Amino acid sequence: MPEGRRTSPGARLRAAYSERCIAMPGVFNALVASMAERARFEGIYLSGAVLSAASGLPDVGLLSMSEFVEQVRVVTAASSLPLLVDADTGFGGPMNVERTVREIERAGAAAIQIEDQELPKRCGHLSGKSLVSAGEMEQKIRAAVSARLDPEFVIVARTDARGVEGFEAAVGRAHRYLEAGADVIFPEALPSREEFADFRRAIEAPLLANMTEFGRSPLLSVAELNDLGYRIALFPVTTFRTAMKAAERALEEIRRSGSQEGILDSMQSRAELYDLLGYEGYQERDEAWFEESSGGDDDGS
């Protein structure tokens, strides 16, 4: 059994963030997950915003749990890195959260993230959000904790209260979510380095910081967040935004010049792609099966 598979995904994630802040890049397909593993990251993130955007939809809770679970299976089949899954509001009430946790854990994830927004949800860095009561969110967290099959499976509770009810309310909710059983607290859209520091002083628990681009929070480095006492730094949409801009430029070049020749040096080569896919191994196995089958025919079987 490979070294990375000897312990559960949740246990490996807990071990990774136990002593220092780790970077968790967002992955929008299996190949990016494989690339993250080659780049020696210690965890990866599946963003609901990215899954929605890749489907041509806004991040307002339109995708189903089944669509999320299918992507979890695809990503975890490609990479042994522990995967944190953004499950938005849990796809309903506590009973829905129970099923969501079980299905996502069975699909191979290490952790799930549930937020305290009401549906229809909004991007955490936009205005106009509304929240469920702290009591309702506590019920969801307790349901998530009771539903997990592996006690090491990580429950991340995100609160969007800073932009709706204020900083002190966000701290108060965080305390209640921890009492309900959350393992990690995710304070969304803190607007300054000082508030990141203040939140850490107020909450004695593993904290996650969202370093999404073009949002309300400053872009702090992993080292800075580590110094502040945070344990996970998310980069949820970075690879997706980069890939979309590259695709846009490629389309513009083809439209402008009628050829892709001028942008070949910005592409992943065929050899690089095949290496990432493990293509040689597939070809060798295919040839071996063909030779074995041909040998059987020669023997008259």
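Residues numbered from 1 in each chain as written. Predicted model: local features only at pLDDT ≥ 70, side-chain atom pairs only at ≥ 80, totals over all residues. Heavy atoms only, no water.

(A) Here's a closer look at the overall build of the protein chain. Helix and strand counts for the protein chain stand at twelve helices and eight strands. By principal-axis analysis of the C-alpha atoms, the protein chain measures approximately 75 × 55 × 35 Å. For the protein chain, the residues scored as buried account for 46% of the 301 residues in total. Pairs at least 24 apart in sequence give 71% of the contacts found in the protein chain among residues at least 6 apart. Approximately 15100 Å² of the protein chain is accessible, and the part contributed by carbon and sulfur atoms is 51%. Separation of charge centres in the protein chain, based on 33 positive and 48 negative side chains, amounts to 6 Å. (Helix = DSSP H or I, 4+ residues; strand = E, 2+ residues; numbered from the N terminus. Buried < 20%, exposed > 50% of the residue type's maximum accessible area, 1.4 Å probe, protein only. Contact = heavy atoms within 4.5 Å. Areas by Shrake-Rupley, 256 points an atom, 1.4 Å probe, with all protein chains shown as cover. Lys, Arg positive; Asp, Glu negative; His and termini not counted. Charge placed at Lys NZ, Arg CZ, Asp CG, Glu CD.)

(B) Here's a closer look at helix α5 (residues 94–106). The end-to-end C-alpha separation of α5 is 18 Å, in line with the 18 Å expected for 13 residues at 1.5 Å each. Buried residues of α5: V97, E98, T100, V101, E103, I104 and E105, and no others. Of the surrounding elements, those touching the buried residues of α5 are α4 (65–78), β3 (83–86), β4 (111–115) and α6 (134–147). Phi turns positive, to about 110 degrees, at G108, one or two residues after α5. (Expected span 1.5 Å × (residues − 1).)

(C) Quick look at the nonpolar core. Grouped together as the largest cluster of nonpolar side chains are 62 residues, with contacts concentrated most on I44, I185, F196, F199, L225 and Y230. For this core, the element with the most residues is helix α7 (residues 167–180), which contributes six residues. Ignoring any residue separated from it by four or fewer positions in sequence, one finds F196 in contact with L190, A209, M211, S217, P218, L220, L225, L228 and Y230. Residues A16, M24, L84 and V184 belong to the second largest nonpolar core, which totals 16 residues. (Core = buried A, V, L, I, M, F, W, Y, C linked by side-chain atoms within 4.5 Å.)

(D) View of the pairing of strand β1 (residues 22–25). Of the two faces of β1, the one lined by I22 and M24 and the one lined by A23 and P25 are each fully buried. Of the pairings in the sheet, the one linking β1 to strand β8 (residues 232–235) comprises four bridges and is parallel in character. Within β8, the residue paired with A23 across the bridge is A233. (Pairing = 2+ DSSP bridges.)

(E) Structural detail: unusual backbone geometry. Even without glycine at this site, D88 takes up a positive phi of about 50 degrees. Of note, D88 is situated in the loop between β3 and α5. Residue class for D88 comes out buried when judged on its relative accessible area of 5%. The backbone of A189 sits at a positive phi, close to 60 degrees, despite the residue not being glycine. By the secondary structure assignment, A189 is in the loop between β6 (184–187) and α8 (193–202).

(F) Here's a closer look at the pattern of salt bridges. The full count for this structure, using the stated rule, is 20 salt bridges. Measuring nitrogen to oxygen at the nearest pair gives 2.8 Å for the salt bridge that ties D160 to R158. The two residues D160 and R158 agree in class, both being buried. Here E253 ties to R256 by a salt bridge, and the two come within 2.9 Å at their closest N and O atoms. (Salt bridge = Lys/Arg side-chain N within 4 Å of Asp/Glu carboxyl O.)

(G) Representation of the sheet that holds strand β5 (residues 154–159) within the structure. Ordered by their spatial adjacency, five strands build an open sheet running β2-β3-β4-β5-β6, and the pairing between neighbours is parallel. Of all strands in the sheet, those with a lone pairing partner are β2 (44–46) and β6, marking the two edges. Across the sheet, the axes of successive neighbouring strands diverge by a mean angle of 25 degrees, strand direction being ignored. Taken strand by strand, helix α1 (residues 9–17) contacts β4, β5 and β6, and its axis lies near 60 degrees from that of β5. Running at roughly 160 degrees to β5, α7 makes contact with β5 and β6 of the sheet. (Axes fitted to C-alpha atoms, helices over the stretch in contact; angles between N-to-C directions.)

(H) Layout of a negative patch on the surface. The grouping of E280, E284, D286, E287 and E291 at the surface amounts to a negative patch. Structurally, the position occupied by E291 is in helix α12 (residues 279–298). By relative accessible area, E291 is classed as exposed at 57%. (Patch = residues over 30% accessible without salt bridge, like charges linked within 9 Å, V, L, I, M, F, W, Y side chains within 5 Å.)

(I) Layout of the packing of aromatic side chains. Evaluated as defined, the whole model comprises five aromatic pairs. Between the aromatic rings of F28 and F240, the centroid separation amounts to 5.5 Å while the plane-to-plane angle is 75 degrees, which identifies the pairing as edge-to-face. Of this pair, F28 sits in the loop between β1 and α2 (30–38) while F240 sits in helix α10 (residues 238–257), and the two are 212 residues apart along the sequence. With respect to burial, F28 and F240 carry one shared label: buried. (Phe/Tyr/Trp six-rings, centres within 6.5 Å; stacked < 30°, edge-to-face > 60°.)

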